Amino acid sequence: MPSPTQRALARVPDRLRPFLVRHRRLVKFLLVGSGCFVLTTVIDFELKFTVLEHKPVVALTVATVIGTVVSYVLNRRWAFRAAGRQREALMFVLVSAVAIVVNDVPLALSRYVLDLREPYVGPCGQELADFLSGMVVGTFVAMLFRYWAMRRWVFAPPAPPAGPGRAEPVPVPARVLAEPATVLAEPGYAAPEMPRDVP
C-alpha cells in the first residue's frame, strides 16, 4: 500500500520528482510551515478583532505559540522523523522562544516605531501594515531561523560515540563508491518506501 507521500509524488511531473525526493525534508518542512501559517493567521485575526483588539503584538504571540506547538508535532513525526531524545523538547522550546521574538519584531517596529497605526493611518492601512510586517515578513524570517535551528540543534542526528569504545569505520572498496546506488521501486509505487528512521 503506497504511503500518502508516494501517492502525492505520483501526481508530480517526472522532471520535478527527483528534486522533491532529494530535498524531501525541506519540502515537508515548507508544507508543515504553510499549514501552520494559515492556522496562525486565522487565530491572530480572531484574537485581534475580539479579546485582544488593542494588543496586536500579544495576539500575534499567542497565535504563533499555538502554531509552533502544532509545527513541532508535525515536524517531529513527519518532516524530520526524529527519534525522541531527552533534550529535544528543551531545545525546541528555546528555539521557538527565539523564533517568536523574531516573528514579533517586525510588527512591533511597524506599530510603535514607524507609527503605522491609528490615528496616524486609516484602519485599512493599519491592518495591511500589521499583516505585511507580522504575518509575512516576521513569519518568513522566523521560518528561516527555525529551519536552520531545528536541523542544527533540535532534530540533529545523534553524535557518534566518542572514546576508546568507538567502533572503527569499515573500509569501502573504491569500485563500490564509484558505482551509483540504485533503488528499485515496487510496482505501482511512485517512489521507494523510505525507512521510518531516515528523514
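Here the structure is shown first, and the text comes after it.
In short, a report on the structure. Here the residue index of a chain counts from 1 through its sequence in written order. Two thresholds apply to this predicted model, a pLDDT of at least 70 for residue-level local features and 80 or more for giving and counting side-chain atom pairs, whereas whole-chain, interface and lining totals are computed over all residues. Heavy atoms throughout the structure, all of them, feed into the side-chain values; hydrogens and water do not.

1. Let's talk about the pattern of salt bridges
- Any Lys or Arg side-chain nitrogen found within 4 Å of a carboxyl oxygen on Asp or Glu counts as a salt bridge. By the definition in use, this model includes four salt bridges.
- Across the pair Glu-127 and Lys-48 runs a salt bridge whose closest N-O atoms are separated by 2.7 Å. Placement of the pair is Glu-127 in helix H6 (residues 123-154) and Lys-48 in helix H3 (residues 24-48), with a sequence separation of 79 residues.
- Think of it in three bands: residues with accessible area under 20% of the maximum for their type are buried, residues over 50% are exposed, and the middle band is partly exposed, with areas taken using a 1.4 Å probe on protein chains only. A residue is classified by how much of its surface remains accessible, and Lys-48, at 6% relative accessible area, is buried.
- Close ionic contact of Asp-130 with Lys-48 constitutes a salt bridge, the shortest N to O distance being 3.0 Å. Here Asp-130, found in helix H6, pairs with Lys-48, found in helix H3; they are 82 residues apart in sequence, far enough to count as distant. Exposure class is identical for Asp-130 and Lys-48. Each is buried.
- Residues participating in the shared-partner salt-bridge network are Lys-48, Arg-111, Glu-127 and Asp-130. For helices the rule is a DSSP run of H or I covering at least 4 residues; for strands it is a run of E covering at least 2, with both sets numbered from the N terminus onward.

2. Remarks on the packing of aromatic side chains
- Think of it this way: a Phe, Tyr or Trp ring, Trp meaning its six-membered ring, pairs with another when their centres are within 6.5 Å, and the plane angle makes it stacked under 30 degrees, edge-to-face over 60, tilted otherwise. Under the counting rule described, the total for this entry stands at five aromatic pairs.
- Residues Phe-145 and Trp-148 carry aromatic rings whose centres are separated by 6.3 Å and whose planes lie at 45° to one another, so their mutual orientation is tilted. With a gap of three residues between them, Phe-145 and Trp-148 both fall in helix H6, about one helical turn apart.
- Three or more aromatic residues joined by ring pairs make a cluster, and in this case those are Phe-45, Phe-49 and Phe-131.

3. Remarks on the side chain of Thr-139
- Its location among the elements puts Thr-139 in helix H6.
- Here Met-135 takes part through its backbone oxygen, which lies 2.8 Å from a polar atom of the side chain of Thr-139.
- Between two residues, a contact is recorded if the distance between any of their heavy atoms is within 4.5 Å. Setting aside anything within four residues of it in sequence, one finds Thr-139 in contact with Phe-37, Asn-103 and Gly-134. Each polar contact in these results corresponds to two N or O atoms within 3.5 Å; when the atoms are within protein, one needs to be able to donate a hydrogen and the other to accept it, and residues that are neighboring in sequence are counted only if both atoms are side-chain atoms.

4. Re the nonpolar core
- In terms of nonpolar packing, the biggest core is built from 11 residues, these being Phe-29, Tyr-72, Phe-80, Met-91, Phe-92, Val-95, Tyr-147, Ala-149, Met-150, Val-154 and Phe-155.
- Element by element, the count of residues in this core is highest for H6, at four residues.
- Among the buried residues, those of types Ala, Val, Leu, Ile, Met, Phe, Trp, Tyr and Cys that are joined through side-chain atoms within 4.5 Å form a nonpolar core. Counting five residues, the second largest nonpolar core, distinct from the first, contains Ile-43, Leu-47, Ala-59 and Ala-63.

5. As for unusual backbone geometry
- The omega angle of the peptide bond from Glu-118 to Pro-119 is 5°, so this bond is cis rather than trans.
- Here the phi dihedral of Asp-115 falls at roughly 55°; this positive angle occurs in a residue that is not glycine.
- With respect to the element layout, Asp-115 can be found in the loop between helix H5 (86-113) and H6.

6. Things to note about H6
- In this model, H6 (32 residues) spans only 40 Å end to end at C-alpha, well below the 46 Å of a helix rising 1.5 Å per residue.
- Across the chain, bend at a residue is computed as the angle between axes fitted to the seven residues ending at that point and the seven starting from it. Most pronounced at Thr-139, the bend in H6 amounts to some 30°. Expected helix span is given by 1.5 Å per residue-to-residue step, counting one fewer step than there are residues.

7. A word on the packing of H3 against H6
- The axes are straight lines fitted to the C-alpha atoms, using for helices just the contacting stretch, and the angles between their N-to-C directions are given from 0 to 180°. Two elements in contact, H3 and H6, have axes separated by 11 Å at closest approach and are oriented at 145°. The two elements H3 and H6 meet at a crossing, and its hand is right-handed. The segment H3 lies against H6, with Arg-25, Leu-26, Phe-29, Leu-30, Phe-37, Thr-40, Thr-41, Asp-44, Phe-45 and Lys-48 engaging Glu-127, Asp-130, Phe-131, Met-135, Thr-139, Met-143, Arg-146, Tyr-147, Met-150 and Arg-151.
- All amino acids are sorted into three groups, where Ala, Val, Leu, Ile, Met, Phe, Trp, Tyr, Cys and Pro are nonpolar, Asp, Glu, Lys and Arg are charged, and the leftover types, Gly among them, are polar. Grouping the amino acids of the contact of H3 with H6 by side-chain chemistry returns 10 nonpolar, three polar and seven charged. Handedness of a crossing follows from how the near helix is turned relative to the far one, being left-handed for an anticlockwise turn of less than a right angle and right-handed for a clockwise one.

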